[in-house]
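As a plain string of letters, each chain reads:
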Amino acid sequence: MYTQSFNVQDGQAAAPAPAVALAENAAAQAKFDAKINADDKIEPQDWMPDNYRKTLVRQISQHAHSEIVGMLPEGNWISRAPSLKRKAILIAKVQDEGGHGLYLYSAAETLGTSRDQMLEGLHSGRAKYSSIFNYPTLTWADVGVIGWLVDGAAIMNQIPLCRCSYGPYARAMIRVCKEESFHQRQGYEALLVMMQGTAAQKAMVQDAVNRWWWKCLAMFGPPDSDSPNSDQAMRWGIKRISNDDLRQKFVDATVPQAKVLGISLPDPDLKWNEQRQHYDFGAIDWDEFWATVNGNGPCNKERLATRVKAHNDGQWVREAALAYASKHRAVAHKEAA
Ligand code: FAQ
């Protein structure tokens, strides 16, 4: 069952009388509010409002799903990487993304939701994962562009999450961000090398940037005015910077990098605004974004089918691991007796 904390067992204490329960709840809420206002961390054993818990499980599990579904578009190129060096880097990166999924599922489990429940949500199509992973990787340049732009956008979004009010999520994000930083650098470096190559290689990079740019801007989520979860998540210190502000920071940071690379970004309205001290940019196609989020992007069905198959094919591994653990538990028990 769901408990406020993992160390409270079913039936451990008799339910308090309603008036006492109300007073206890008010005191717990006041303690929670004080911690949030003081910018302290909330830990798994602390009392927290149901909606805070639900919001975290929603966001962290979606984030975990994004990491493991996000292994698929690049994993597609491991067998076709152009050199041993690129293959080794790509294998390490894709493996890191799997690791991020595991830290995040573990962080969400501290809130009382099991990994099986979360995976069931993903496999049944009820749970969301990032829109960005529903687009195909058509050429090798896509792998570099995912590192540069997709990981770049992920870092921009995730650095503020290192200061999230929920301790286990914030701590997981510190390590994730360090690894994402390597991912972004390897992608950018691969593109720099291609941009010193043949005309065909340069055209391949430009084509990949043209296909991914707008999808990366949409990755930050709907405009603040259409973001139902933002206000409360900001008040709780889960989100620290709004979707639109992060998007703007990403554009401002990326335009100079595109200049160094020697490619153009596919937006005729992209220009420096002296007054705002930011880049202005064109309109994002939100209809296309929502169609993708709602399951109708180019690769949604394929991605989900691949995940479900991988999960089913791995059933024997989970069974073997459980049998091994129970065998060792039995031996340890016997030795202790
Ligand atoms: N895709 O009210 P908001 C990565 C949904 S990891 C799909 O603004 P919120 C690493 C949203 O869930 C990338 N759905 O929601 C990597 C909500 O629906 P719900 C993932 C989206 O939560 C790189 C509804 O729209 N990163 O890339 C998207 O306050 C390379 C309304 O939106 C994270 O998950 C979207 N793009 O803000 C791996 C970071 N945007 O749940 C492999 C953590 C919004 O009410 C290779 N998450 N929606 O049914 C967050 O920071 C937030 O959840 C946001 C959305 C910013 C994504």
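Model, not experiment: these values are computed from the prediction.

Here we look at the overall build of the protein
The helix and strand tally for the protein stands at 13 helices and two strands. Taken along its principal axes, the extent of the C-alpha atoms in the protein is 75 × 55 × 35 Å. By the burial criterion, 46% of the 337 residues in the protein qualify as buried. The long-range fraction of contacts in the protein, counting pairs at least 24 apart against all pairs at least 6 apart in sequence, stands at 76%. Counting every atom, the protein has about 17,600 Å² of accessible surface; 58% of that belongs to carbon and sulfur. Side-chain charges of the protein comprise 38 positive and 38 negative groups, with the mean position of each set lying 5 Å from the other.

Some thoughts on the site of the ligand
Residues in contact with the ligand amount to 35 residues; listed here are only the nearest, Arg58, Gln62, Lys128, Ser227 and Lys239. Here Gln62 contributes a side-chain N or O atom positioned 2.7 Å from an oxygen atom of the ligand. One of the side-chain N or O atoms of Lys128 is found 2.6 Å from an oxygen atom in the ligand. A total of 1,100 Å² of accessible area belongs to the ligand in isolation, and the protein chains cover 92% of it. Of all the elements in the fold, those that place two or more residues in the shell around the ligand are helix H2 (50-69), helix H4 (84-109), helix H6 (140-158), helix H7 (167-195) and helix H11 (286-296). It is H2 that provides the largest number of residues to the shell around the ligand, a total of six residues. For the shell around the ligand, a count of residues per class yields 13 nonpolar, 13 polar and nine charged.

Points about the packing of H7 against helix H8 (residues 199-218)
One can describe the packing of H7 onto H8 by two numbers: an axis separation of 8 Å at closest approach and a directional angle of 140°. Taken together, the axis directions place H7 and H8 in an arrangement best described as oblique. Two secondary-structure elements touch here, H7 through Leu191, Met194 and Met195 and H8 through Gln201, Lys202, Met204 and Val205. Looking at side-chain class alone, the contact of H7 with H8 contains five nonpolar, one polar and one charged residues.

Some remarks on the pattern of salt bridges
Considering all chains together, one arrives at 17 salt bridges under this definition. Put simply, Glu120 and Arg126 hold a salt bridge, and the shortest N to O gap is 2.4 Å. Exposure remark for Arg126: the relative accessible area of 60% places this residue in the exposed category. One continuous salt-bridge network, built from bridges that share partners, spans Glu74, Lys93, Glu97 and Asp151.

Brief notes about the environment of Leu261
Within the secondary structure, Leu261 sits in helix H10 (residues 243-261). Apart from residues no more than four positions distant in its own chain, Leu261 is found in contact with Trp148, Tyr188, Leu191, Leu192 and Met195.

Details of the nonpolar core
In this structure, Tyr52 and Tyr166 are the most contacted members of the largest nonpolar core, which totals 75 residues. In terms of residue count, H6 provides more of this core than any other element does, 10 residues in total. Beyond its immediate sequence surroundings of up to four residues, Tyr52 is in contact with Phe32, Ile36, Ile42, Ser165, Tyr166, Trp236 and Ile238.

Focus: the packing of H4 against helix H5 (residues 115-123)
Packed helix pairs are characterised by how far apart their axes lie and by the angle those axes make with each other. Contact geometry of H4 with H5 gives a least axis separation of 9 Å together with a crossing angle of 115°. On H5, the residues touching Leu102, Tyr105, Ser106, Ala108 and Glu109 of H4 are Arg115, Met118, Leu119 and Leu122.

Looking at H10
Helix length check: H10 (19 residues) gives 26 Å between terminal C-alpha atoms against 27 Å at 1.5 Å per residue, within 8%. Along H10, the sharpest change in direction is near 25° and occurs at Thr254; proline Pro256 comes one to four residues later. Taken as a whole, H10 has its buried residues at Asn243, Leu246, Arg247, Gln248, Phe250, Val251, Asp252, Thr254, Val255, Ala258 and Leu261. In this structure, the buried residues of H10 make contact with H6, H7, H8, helix H9 (230-235), strand E2 (278-280) and H11. Backbone geometry just downstream of H10 places Gly262 in the positive-phi region, at approximately 90°.

So, the packing of aromatic side chains
One pass over the structure, following the stated rule, counts 11 aromatic pairs. Note on Trp286 and Phe289: the rings are 5.2 Å apart at their centroids and 90° apart in plane angle, and the pair reads as edge-to-face. Of the two residues, Trp286 and Phe289 are both situated in helix H11; the distance of three residues between them amounts to about one turn of the helix. On the accessibility criterion, Phe289 (7% relative accessible area) is buried. Taken together through their ring pairs, the aromatic side chains of Phe32, Trp47, Tyr52 and Trp236 make up a single cluster. Seen from the ring of Trp77, Arg80 lies directly overhead, with NZ or CZ sitting 3.9 Å from the centre.

Calculation notes
- Residues numbered from 1 in each chain as written.
- Predicted model: local features only at pLDDT ≥ 70, side-chain atom pairs only at ≥ 80, totals over all residues.
- Heavy atoms only, no water.
- Helix = DSSP H or I, 4+ residues; strand = E, 2+ residues; numbered from the N terminus.
- Buried < 20%, exposed > 50% of the residue type's maximum accessible area, 1.4 Å probe, protein only.
- Contact = heavy atoms within 4.5 Å.
- Areas by Shrake-Rupley, 256 points an atom, 1.4 Å probe, with all protein chains shown as cover.
- Lys, Arg positive; Asp, Glu negative; His and termini not counted.
- Charge placed at Lys NZ, Arg CZ, Asp CG, Glu CD.
- Near = heavy atom within 4 Å.
- Polar contact = N/O pair within 3.5 Å; in protein donor to acceptor, adjacent residues only side chain to side chain.
- Nonpolar A, V, L, I, M, F, W, Y, C, P; charged D, E, K, R; others polar.
- Axes fitted to C-alpha atoms, helices over the stretch in contact; angles between N-to-C directions.
- Parallel < 35°, antiparallel > 145°, perpendicular 65-115°, else oblique.
- Salt bridge = Lys/Arg side-chain N within 4 Å of Asp/Glu carboxyl O.
- Core = buried A, V, L, I, M, F, W, Y, C linked by side-chain atoms within 4.5 Å.
- Expected span 1.5 Å × (residues − 1).
- Bend = angle between axes of the 7 residues up to and from the residue.
- Phe/Tyr/Trp six-rings, centres within 6.5 Å; stacked < 30°, edge-to-face > 60°.
- Lys NZ or Arg CZ within 6 Å of the ring centre and 35° of its normal.

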